[in-house]
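Here is what each chain is made of, one letter per residue.
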Amino acid sequence: MDLRIFTEPQQGATYDTLLTVAKATEDLGFDAFFRSDHYLSMGSSDGLPGPTDAWITLAGLARETRRIRLGTLMTAGTFRLPGVLAIQVAQVDQMSGGRVELGLGAGWFGKEHRAYGIPFPKERFARLEEQLAIVTGLWATETGSTFDFDGNHYQLADSPALPKPTQPKIPVLIGGHGKTRTPRLAAQYADEFNIPFASIADSERQFGRVRAAARQAGRGSDDLVYSNALVACVGKDDSEVARRAAAIGRDVAELKANGLAGSPDEVVDKIGRYAEIGSQRIYLQILDLEDLDHLDLISAQVQSQLS
């Protein structure tokens with residue numbers, strides 16, 4: 001079971017804070033550092049000092065880390081034109097020496113679009129499908145050849161399809177709870193399918209839908225990695241769990257029901273139950289980015305039991 005650190009910087013984090021967490025992620029032996037792609041805080045957070053851009057952040061981290069994978073859960077398709085996104089991600093992949101992964105979604109948070117003047121079209125899923133075709137098509141085009149695309153939402157003509165990533169193929173992540181279109185897109189384009197904040201039962205059902213869609217698309221159902229994203233709140237005892245839950249404004253019982261919360265042994269046991277239904281990778285949503293002792297505890301007493 002791979003454990004990856006997943007952050008939500010729109011809730012309030014500077015680049016320096018994210019760099020500190022990313023370096024701890026690397027030093028403590030976690031597999032990857034991922035971040036959300038949002039420009040506006042959610043819930044009661046004031047979001048200070050303000051948003052950071054996902055791909056600018058990852059470009060900086062690419063030069064200041066050496067081992068960990070770097071990526072997004074999920075880049076919002078509404079934020080970037082697909083050709084520009086293909087250039088950005090390929091460049092960050094070069095800057096990292098080939099450690100980038102792209103999670104791409106349709107975009108969903110209308111309020112942040114209004115706050116920053118970003119168009120929020122109704123037909124976002126159809127646009128996402130074309131974006132996936134374009135981004136992956138540009139990367140797959142042989143050097144010296146050109147790429148063309150004539151869709152309903154995007155048209156490209158005689159694109160040199162440059163620059164190329166360092167990796168032969170940048171892993172693409174698709175995720176969500178959709179029962180029909182999401183599994184179909186994952187089967188067509190994804191290297192990994194991620195379901196965020198889902199129960200074991202819901203995860204098992206959704207993994208089954210994706211596996212069936214992969215077989216229907218002519219792929220092996222095990223060609224994809226299956227993963228979960230879950231909030232983490234781990235403590236060496238009940239009081240430490242309660243303190244960490246209070247720091248992120250959450251209830252312990254709710255976190256135990258819907259996330260990975262409790263003692264290290266409790267969390268290892270629950271991760272094991274996700275593994276039993278086919279989850280191969282867990283993205284640990286870390287909401288208090290100042291609490292590096294939390295990462296140290298997870299590394300020493302959770303990750304060590306899963307290795």
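Structure shown above.
The following refers to the structure shown. (Residues numbered from 1 in each chain as written. Predicted model: local features only at pLDDT ≥ 70, side-chain atom pairs only at ≥ 80, totals over all residues. Heavy atoms only, no water.)

**Quick look at the overall build of the protein chain**
Test applied: Going along the chain from the N terminus, every DSSP run of H or I of four or more residues is numbered as a helix, and every run of E of two or more is numbered as a strand. For the radius of gyration, the atoms used are the C-alpha atoms, and the globule rule reads 2.2 Å times the number of residues raised to 0.38. The classification of residues rests on relative accessible area computed with a 1.4 Å probe and restricted to protein chains. Under 20% of the type maximum is buried, over 50% is exposed, and intermediate values are partly exposed.
Check the secondary structure of the protein chain and you find 11 helices and 12 strands. What you see for the protein chain is a C-alpha radius of gyration of 19 Å, in line with the 19 Å of a compact globule of 307 residues. In terms of its C-alpha atoms, the protein chain occupies a principal-axis envelope of roughly 60 × 45 × 35 Å. The buried share of the protein chain, taken over its 307 residues, is 54%.

**Regarding empty space enclosed by the protein**
Let me state the cut-off plainly: Of the two site types, the cavity is a set of points on a 1 Å grid over the protein atoms alone where a 1.4 Å probe fits but cannot get out, and the pocket is an open set with protein on both sides within 12 Å along at least five of seven lines, each lined by residues with an atom within 4 Å of a point. Grid points are joined across faces, edges and corners, and a volume is the space filled by probe spheres set on the points.
Under the counting rule described, the total for this entry stands at 1 cavity of 30 Å³ or more. Its volume calculated, the largest cavity comes out at about 60 Å³. Taken together, Ala 232, Cys 233, Arg 244, Ala 247, Ile 248, Leu 287, Asp 288, Asp 291 and His 294 make up the lining of the largest cavity. Only strand E10 (225–234) and helix H8 (238–247) provide two or more residues apiece to the lining of the largest cavity.

**Topic: the layout of surface pockets**
Put simply, the rule reads: Put simply, Ala, Val, Leu, Ile, Met, Phe, Trp, Tyr, Cys and Pro go in the nonpolar bin, Asp, Glu, Lys and Arg in the charged bin, and everything else, Gly too, in the polar bin.
The volume enclosed by the second largest pocket comes to roughly 170 Å³. Around the second largest pocket sit 13 residues that line it, and Gly 77, Thr 78, Pro 121, Arg 127 and Tyr 154 are the ones nearest its centre. Split into classes, the residues belonging to the lining of the second largest pocket amount to 7 nonpolar, 3 polar and 3 charged.

**Topic: the packing of helix H5 (residues 124–140) against helix H6 (residues 181–189)**
Our working rule: Geometry is summarised by axes, namely lines fitted to C-alpha atoms with helices restricted to the contacting stretch, and by angles between N-to-C directions that run from 0 to 180 degrees. In what follows, roughly perpendicular refers to angles from 65 to 115 degrees, roughly parallel to angles under 35, roughly antiparallel to angles over 145, and oblique to any angle outside these ranges. Note on contacts: a residue pair qualifies if any of its non-hydrogen atoms lie within 4.5 Å across the two residues.
At a closest axis distance of 11 Å, the pairing of H5 and H6 adopts a crossing angle of 5°. When the interaxial angle is binned, H5 and H6 end up roughly parallel. Mapping the contact onto sequence places Phe 125, Leu 128, Glu 129, Leu 132, Ala 133 and Thr 136 in H5 and Arg 181, Thr 182, Arg 184, Leu 185, Gln 188 and Tyr 189 in H6. For the contact of H5 with H6, the class distribution of residues is 6 nonpolar, 3 polar and 3 charged.

**Remarks on unusual backbone geometry**
Note that the residue after Leu 73, namely Met 74, is joined by a cis bond; omega there is -20°. Residue Ala 161 is not a glycine yet carries a positive backbone phi of 55°. Assignment of secondary structure puts Ala 161 in the loop between strand E7 (155–159) and strand E8 (172–175). On the basis of relative accessibility, which here comes to 4%, the residue Ala 161 falls in the buried class.

**Comments concerning the pattern of salt bridges**
We count it as follows: Every case where a carboxyl oxygen of Asp or Glu lies within 4 Å of a side-chain nitrogen of Lys or Arg is listed as a salt bridge.
Applying the stated rule across the entire model yields 19 salt bridges. Residue Lys 169 is joined to Asp 191 by a salt bridge in which the shortest nitrogen-to-oxygen separation is 2.7 Å. With Lys 169 in the loop between E7 and E8 and Asp 191 in the loop between H6 and strand E9 (192–196), this pair connects stretches of sequence that are 22 residues apart. Here Arg 281 makes a salt bridge to Glu 192, at a shortest N to O gap of 2.6 Å. A residue pair is termed long-range when its members are at least 10 positions apart, and Arg 281 in strand E12 (residues 281–286) and Glu 192 in strand E9 qualify at 89 residues. Judged on exposure class, the residue Arg 281 and its partner Glu 192 are both buried.

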